[in-house]
There are 2 protein chains.
Amino acid sequence: MNIDDLKYNEQGLIPAIVQDIDTGKVLMMAWMSRESLALSISTRKATYWSRSRKKLWIKGESSGNYQTVIRILYDCDADTLLVIVKKNGPACHTGSETCFYRELALEGDTTGE
Amino acid sequence: MNIDDLKYNEQGLIPAIVQDIDTGKVLMMAWMSRESLALSISTRKATYWSRSRKKLWIKGESSGNYQTVIRILYDCDADTLLVIVKKNGPACHTGSETCFYRELALEGDTTGE
């Protein structure tokens, strides 16, 4: 698969699910442009497109919490990526290991917020 | 967290990463509307919004490959969901266990396509 043949959305972005190679936990979801994907592949440092700052975002560049890219999978529709990383510190800007640290209450559950 | 307070995109949708409770594998990514999320919570059957068919999509309704919702987490920005499911058959329409069954070649790798 050539990365030009992946399906990017109307903003030229593709969602990237980030999973920890060690724990299997889903750490975060971010977006990649073609350029950030090419950089992730060539540098092996996970690099995203920051939609808020509208610029390339080398994860960990300011925090030191880099993510080393181990594998990049793509789905059956070629419109979503699964990036398996070795993390060098927490994924979340809150300091949490993963961005998914809160949950919804489900019908019949007594836990959850 | 009230599901009305989650951040839906301009189409009223929120991405849902689907992870297998048994294997930890990421199975697929789909989109949920507020209504499909409410149904997933109340029925415990994973229900998405089909962007191609523009209708509610009870996963497994035609294939029998239902997904029972075990937990639903949301991320720090409240704009992405992580749905942990017990699957009743393959997640992918191709018959593959997960939609992520192909990978990109990385710099320095000899594997990948």
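## Description of the relation of the copies chain B and chain A
Argument step 1. Placing chain B over chain A gives an RMSD of 0.0 Å and needs a rotation angle of 180°, together with 0.0 Å of translation along the axis. Taken together, the rotation angle and the small translation identify this as a two-fold axis. Distance from the rotation axis, computed per C-alpha, reaches its smallest value in chain B at B:G24: 3.0 Å.
Argument step 2. The residues that chain B uses at the interface reappear at the interface of chain A in 100% of cases, marking a shared surface.

## Topic: the pattern of salt bridges
A pair can form between side chains of opposite charge whenever their charged atoms are brought close.
All names here are of chain A.
Argument step 1. All told, the structure shown has 14 salt bridges over all chains when counted by the stated rule.
Argument step 2. Between D20 and K87 there is a salt bridge, with the nearest N and O atoms lying 2.5 Å from each other. Taken together, the residues D20 in strand β1 (residues 13-20) and K87 in strand β6 (residues 81-87) connect sequence positions 67 residues apart.
Argument step 3. The exposure class assigned to D20 is buried, which follows from its relative accessible area of 2%.
Argument step 4. K87 sits in the partly exposed class, given a relative accessible area of 22%.
Argument step 5. Ionic contacts of the salt-bridge type, sharing partners, join the residues D20, K25, K87 and E97 into one network.

## Quick look at the packing of aromatic side chains
All names here are of chain A.
Argument step 1. Evaluated as defined, the whole model comprises two aromatic pairs over all chains.
Argument step 2. Taking 5.3 Å as the distance between ring centres and 50° as the angle between the ring planes, the aromatic pair formed by Y48 and W57 counts as tilted.
Argument step 3. K45 extends its terminal NZ or CZ atom over the ring of Y66, reaching a point 4.3 Å from the ring centre.

## Concerning unusual backbone geometry
Argument step 1. Of note in the backbone geometry, A:A78 takes a positive phi value of approximately 55° without being a glycine.
Argument step 2. Structurally, A:A78 can be placed in the loop between β5 (67-74) and β6.
Argument step 3. Overall, A:A78 belongs to the buried group, its relative accessible area being 6%.
Argument step 4. The phi angle at B:R44 is positive, at roughly 65°, despite the residue not being glycine.
Argument step 5. Relative to the helices and strands, B:R44 resides in the loop between α1 (34-43) and β3 (47-50).
Argument step 6. Judged by its relative accessible area of 23%, B:R44 falls in the partly exposed class.

The rules behind each value
- Each chain has its residues counted from 1, running along the sequence as written.
- Here every chain gets a letter starting at A, and every ligand a number starting at 1, in the order they are written.
- Residues qualify for local features only when their pLDDT is at least 70, as the model is predicted, and side-chain atom pairs are given and counted only at 80 or more; totals for whole chains, interfaces and linings, by contrast, use all residues.
- The side-chain quantities take in all heavy atoms of the structure and omit both hydrogens and water.
- The superposition of copies rests on a least-squares fit of C-alpha positions from residues with pLDDT of 70 or more in both.
- Every residue pair with non-hydrogen atoms within 4.5 Å of one another is taken to be in contact.
- Note on definitions: salt bridges are taken to be side-chain nitrogens of Lys or Arg within 4 Å of carboxyl oxygens of Asp or Glu.
- Secondary structure elements are taken from DSSP: a helix is a run of H or I of four residues or more, a strand is a run of E of two residues or more, and numbering for both begins at the N terminus.
- Exposure is judged per residue with a 1.4 Å probe applied to protein chains only, and the accessible area is read against the type maximum: over 50% gives exposed, under 20% gives buried, and values in between give partly exposed.
- Put simply, two rings from Phe, Tyr or Trp (the six-membered ring, in Trp's case) pair if the centres are within 6.5 Å, and we call them stacked under 30 degrees between planes, edge-to-face over 60, tilted for the rest.
- A ring has a charge above it when a Lys NZ or an Arg CZ is no more than 6 Å from the ring centre and no more than 35 degrees off the ring normal.

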